[in-house]
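# Per-entry structural report
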Amino acid sequence: MIVLGVESSCDETGLALYDTERGLLSHALYSQVAMHEEYGGVVPELASRDHIRRAIPLLEQTLQGAAIAPQAIDAIAYTQGPGLAGALLVGSSIACSLGLALDKPVLGVHHLEGHLLSPLLASDPPEFPFVALLVSGGHTQLMRVDGVGQYELLGETVDDAAGEAFDKSAKLLGLGYPGGPAISRLAEFGDPLAYKLPRPMLHSKDLNFSFSGLKTAVLTVVKKSAVNVCEQDKANIARGFVDAIVDVLTAKCIAALKQTGLKRLVIAGGVGANSQLRAALNAAAVKKRFRVYYPELEFCTDNGAMIAFAGAMRLSINPAAAQRDYAFNVRPRWPLDELKVV
């Protein structure tokens with residue numbers, strides 16, 4: 001079964017073809033980062049318009065990469081939510097229009113389920129069950145994953161997501177957008193002893209997170225510094241911030257493994273590409289004797305491959321999950337724990 005995946009939830013347009021027998025056939029991705037950079041963040045209207053421009057050329061590129069004709073597609077999966085409403089409407093309308101034109105069934109996929117399952121695309125995938133840390137610009141959650149559609153929320157952020165805190169703190173340091181990679185790179189040159197920033201909820205005795213206070217601590221440090229913070233001081237602040245957020249994420253992951261009794265940890269989402277987080281989790285895995293799994297770096301951010309794969313997994317369990325009802329709708333707000341076993 002060959003599934004076409006369409007991702008358009010925010011500022012990346014992604015299309016991919018996944019074959020349940022041969023694996024990932026091809027994928028194409030366009031990032032809007034350069035367009036949004038001058039605004040300091042994603043502009044929803046511009047994002048939606050750009051998805052319209054990019055989707056069909058990316059579809060043609062994906063088909064050419066797989067060397068198949070459109071009629072060879074068996075089903076089309078698209079991101080139904082959560083995400084920006086306008087951006088989701090672009091992807092869903094394109095997917096359903098293709099389904100109608102090709103007489104192929106379509107399936108709406110949960111964006112976060114795509115992220116959760118994306119490490120299964122790696123050459124050394126984890127087995128179920130596992131604990132998953134879903135960490136991105138919009139979400140920070142710990143989940144127990146027992147199978148496709150079998151998700152138990154263990155903890156989540158009560159305010160800013162980790163990726164959001166990265167972006168906001170980077171902006172305070174004048175690093176531009178997107179802030180996560182920039183602040184992570186700068187932190188490599190910082191003194192870890194210069195600033196000891198707070199570790200919010202580190203000892204809360206639950207698996208929830210809070211990063212708004214950490215962002216405020218960065219703001220306080222910047223205001224106390226000179227009017228123009230020197231480059232070395234920026235690096236020191238960045239190092240203090242990154243160390244704090246990595247300490248909290250690592251500690252909560254270890255606590256979740258202990259609480260569930262599981263020995264497999266999966267990291268999903270854009271922040272999963274962070275080198276400091278990976279180093280800390282790898283060190284903890286050796287010390288605590290658990291295994292940690294990551295998506296391939298190219299699949300950490302939003303992409304069509306994860307949507308094609310999640311759709312294929314759903315259809316492998318229940319072929320009737322895809323429908324030929326092309327009256328699409330989107331769900332900009334869609335809690336992951338509402339998903340049921342298919």
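Naming follows an unreviewed UniProt entry, where the protein appears as tRNA N6-adenosine threonylcarbamoyltransferase of Pseudoduganella plicata. Turning to the protein, the UniProt record has this under Sequence similarities (unreviewed entry): "Belongs to the KAE1 / TsaD family." Within the UniProt record for the protein, the comment given under Subcellular location (unreviewed entry) is "Cytoplasm".

## Thoughts on the pairing of strand β3 (residues 23-31)
In the sheet, strand β2 (residues 12-19) pairs with β3 via 8 bridges, with the strands oriented antiparallel. Within the sheet, the bridge partner assigned to Asp 19 lies in β3 and is Gly 23. A loop of 3 residues connects β2 with β3, the two strands running antiparallel in sequence.

## Section: helix α10 (residues 304-317)
Given 3.6 residues per turn, any residue in an α-helix points the same way as the ones three and four places further on. In a regular helix each residue adds 1.5 Å, so 14 residues correspond to 20 Å; α10 covers 20 Å between its end C-alpha atoms and thus fits that length. Of all 14 residues in α10, 12 are buried; the element is thus mostly enclosed. Of all the residues in α10, the buried ones are Gly 304, Ala 305, Met 306, Ile 307, Ala 308, Phe 309, Ala 310, Gly 311, Ala 312, Met 313, Arg 314 and Leu 315. For α10, the N-terminal cap is Asn 303; the gap from its side-chain oxygen to the backbone nitrogen of Ala 305 is 3.1 Å.

## Section: the domain arrangement of the protein
Under the domain assignment used here, the protein contains domain 1 (2-117 + 299-338) and domain 2 (127-294). Spacing between the C-alpha centres of domain 1 and domain 2 amounts to 28 Å. The partner domain 2 presents 21 residues to the 20 residues of domain 1 that form the contact. Roughly 1,600 Å² is buried in total at the junction of domain 1 and domain 2, and carbon and sulfur atoms are behind 74% of that figure. A per-residue breakdown of the area domain 1 buries against domain 2 is headed by Leu 112, Leu 116 and Cys 300, which together make up 35% of the total. Applying the counting criterion to the domain 1 and domain 2 interface returns 0 salt bridges. On inspection of domain 1 and its partner domain 2, the count reaches 3 residue pairs in polar contact (both at pLDDT 80 or more).

## As for the nonpolar core
The tendency in soluble globular proteins is for nonpolar side chains to be buried as a group. One finds Leu 142, Phe 241, Ile 245 and Leu 265 to be the most contacted residues of the largest nonpolar core, which totals 47 residues. Sorting the residues of this core by element identifies β6 (130-135), α5 (162-172), α6 (179-187), α7 (212-224), α8 (231-260), β9 (264-268) and α9 (275-288) as the ones contributing at least two each. At 13 residues, α8 tops the list of elements feeding residues into this core. Those residues in contact with Leu 142, other than ones at most four positions away along the chain, are Val 131, Ala 132, Leu 133, Glu 152, Leu 153, Leu 154, Gly 155, Leu 207, Phe 209, Lys 252, Cys 253 and Ala 256. Among the nonpolar cores identified, the runner-up in size contains 36 residues, and Ala 132, Ala 268, Met 306 and Ala 312 belong to it.

## Topic: the sheet that holds strand β7 (residues 140-147)
The strand order β8-β7-β6-β9-β10 describes an open sheet built from 5 strands, whose pairing is mixed. Looking at which strands have only one partner, the edges of the open sheet turn out to be β8 (150-156) and β10 (291-293). Averaged over all neighbouring strand pairs, the angle between strand axes comes to 25 degrees, with direction disregarded. In this sheet, β10 lies alongside β9 in parallel orientation, the contact comprising 3 bridges. Along β10, the bridge assignment pairs Val 266 with Tyr 293.

Cut-offs used in this document
- Residues numbered from 1 in each chain as written.
- Predicted model: local features only at pLDDT ≥ 70, side-chain atom pairs only at ≥ 80, totals over all residues.
- Heavy atoms only, no water.
- UniProt positions renumbered as here; feature names shortened; annotations may be inferred.
- Pairing = 2+ DSSP bridges.
- Helix = DSSP H or I, 4+ residues; strand = E, 2+ residues; numbered from the N terminus.
- Expected span 1.5 Å × (residues − 1).
- Buried < 20%, exposed > 50% of the residue type's maximum accessible area, 1.4 Å probe, protein only.
- Polar contact = N/O pair within 3.5 Å; in protein donor to acceptor, adjacent residues only side chain to side chain.
- Domains from an automatic or database assignment.
- Contact = heavy atoms within 4.5 Å.
- Buried area = accessible area lost by both parts, 1.4 Å probe.
- Salt bridge = Lys/Arg side-chain N within 4 Å of Asp/Glu carboxyl O.
- Core = buried A, V, L, I, M, F, W, Y, C linked by side-chain atoms within 4.5 Å.
- Axes fitted to C-alpha atoms, helices over the stretch in contact; angles between N-to-C directions.

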